[in-house]
Amino acid sequence: ATNTVTASPLIDLPPPPEIDAGDQDAGSDAAARPKSGAGNELCGGKCNGTAPSALSSALSSAAGASRNCYERALRNNTMLQGRMTVAVRVASNGSVCSASVAQDSLGSPEVSSCVASLFRGRSFPAPTGGSCVDVNIPLSFTPRDGKK
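Heads up: these notes are all about the structure in this document. (Residues numbered from 1 in each chain as written. Predicted model: local features only at pLDDT ≥ 70, side-chain atom pairs only at ≥ 80, totals over all residues. Heavy atoms only, no water.)

### Side note on the overall build of the chain
Phase 1 of the analysis: A tally of regular secondary structure across the chain gives four helices and four strands.
Phase 2 of the analysis: For the chain, contacts bridging at least 24 residues in sequence account for 84% of all contacts bridging at least 6.
Phase 3 of the analysis: Roughly 7700 Å² of accessible area belongs to the chain as shown, and the carbon and sulfur atoms make up 49% of that amount. (Helix = DSSP H or I, 4+ residues; strand = E, 2+ residues; numbered from the N terminus. Contact = heavy atoms within 4.5 Å. Areas by Shrake-Rupley, 256 points an atom, 1.4 Å probe, with all protein chains shown as cover.)

So, in structure tokens, the structure goes:
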């Protein structure tokens, strides 16, 4: 079963302090690699866990930081807008096994890469049910009116 977390990155939420979207290239892959050995055992096969409210809330907070990725790209393309769905697999211990953009009408590789990196190599509250869980996080990006 795939859970869907409704995130609202259009609300002015400060990004969580541990997320630095500007540092995406330095750590996203490197941080994920050490966990991959153990993570494969925890993430293999079918995920049938469920996302408790603590996990959904933590994923929504991380998704809120995606606004920073979008704002940077908006400086180069003021007409940029669209929707994106991020698919995140969380292991039974709460570590992120994988994070990728599953759907993207925004069409910005820069934003896609930045958003996916917000989840990679992170730990969140563990899913319930003793298994991993797949979560789809829908995001909507539109320029804010009146902000320049």
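### Some remarks on the packing of aromatic side chains
Phase 1 of the analysis: As enumerated under the stated definition, the model contains two aromatic pairs in all.
Phase 2 of the analysis: Here F119 and F124 contribute two aromatic rings whose centre-to-centre distance is 6.5 Å and whose plane-to-plane angle is 40°, an arrangement assigned as tilted. F124 carries the same exposure label as F119, and that label is buried. (Phe/Tyr/Trp six-rings, centres within 6.5 Å; stacked < 30°, edge-to-face > 60°. Buried < 20%, exposed > 50% of the residue type's maximum accessible area, 1.4 Å probe, protein only.)

### Some points on the pattern of salt bridges
Phase 1 of the analysis: Enumeration according to the criterion identifies three salt bridges in this entry.
Phase 2 of the analysis: Residue R144 is joined to E71 by a salt bridge in which the shortest nitrogen-to-oxygen separation is 3.6 Å. With R144 in the segment after strand 4 (133–141) and E71 in helix 3 (residues 66–74), this pair connects stretches of sequence that are 73 residues apart.
Phase 3 of the analysis: Look at R144 and you get partly exposed, because its relative accessible area is 24%.
Phase 4 of the analysis: Among the salt bridges present, the one from D134 reaches R89, with a minimum N-O distance of 2.7 Å. Residue D134 is located in strand 4, and its partner R89 is located in strand 2 (residues 82–90); the two are separated by 45 residues in the primary sequence.
Phase 5 of the analysis: It is possible to trace a salt-bridge network through shared partners that takes in R67, E71 and R144. (Salt bridge = Lys/Arg side-chain N within 4 Å of Asp/Glu carboxyl O.)

### Some details on the packing of helix 3 against helix 4 (residues 109–117)
Phase 1 of the analysis: Two elements in contact, helix 3 and helix 4, have axes separated by 9 Å at closest approach and are oriented at 160°. As summarised for this structure, helix 3 and helix 4 are arranged roughly antiparallel, according to the angle between their axes. Every pair of crossing elements has a handedness; the one defined by helix 3 and helix 4 is right-handed. Across from S66, C69, Y70, R72 and A73 in helix 3, the residues of helix 4 making contact are E110, V111, C114 and V115.
Phase 2 of the analysis: Its residues assigned to classes, the contact of helix 3 with helix 4 shows six nonpolar, one polar and two charged. (Axes fitted to C-alpha atoms, helices over the stretch in contact; angles between N-to-C directions. Parallel < 35°, antiparallel > 145°, perpendicular 65-115°, else oblique. Left-handed = near helix turned anticlockwise from the far one by under 90°. Nonpolar A, V, L, I, M, F, W, Y, C, P; charged D, E, K, R; others polar.)

### A look at the state of the cysteines
Phase 1 of the analysis: Summed over all chains, the structure comprises three disulfides.
Phase 2 of the analysis: In this model C47 forms its disulfide with C132; the gap between the sulfur atoms is 1.8 Å. In this structure, the disulfide formed by C47 and C132 twists by about -95° around the S-S bond and is classed as left-handed. Separated by 85 residues along the polypeptide, C47 in the loop between helix 1 (24–43) and helix 2 (53–64) and C132 in the loop between helix 4 and strand 4 bring together distant segments of the chain. (Disulfide = S-S within 2.5 Å.)

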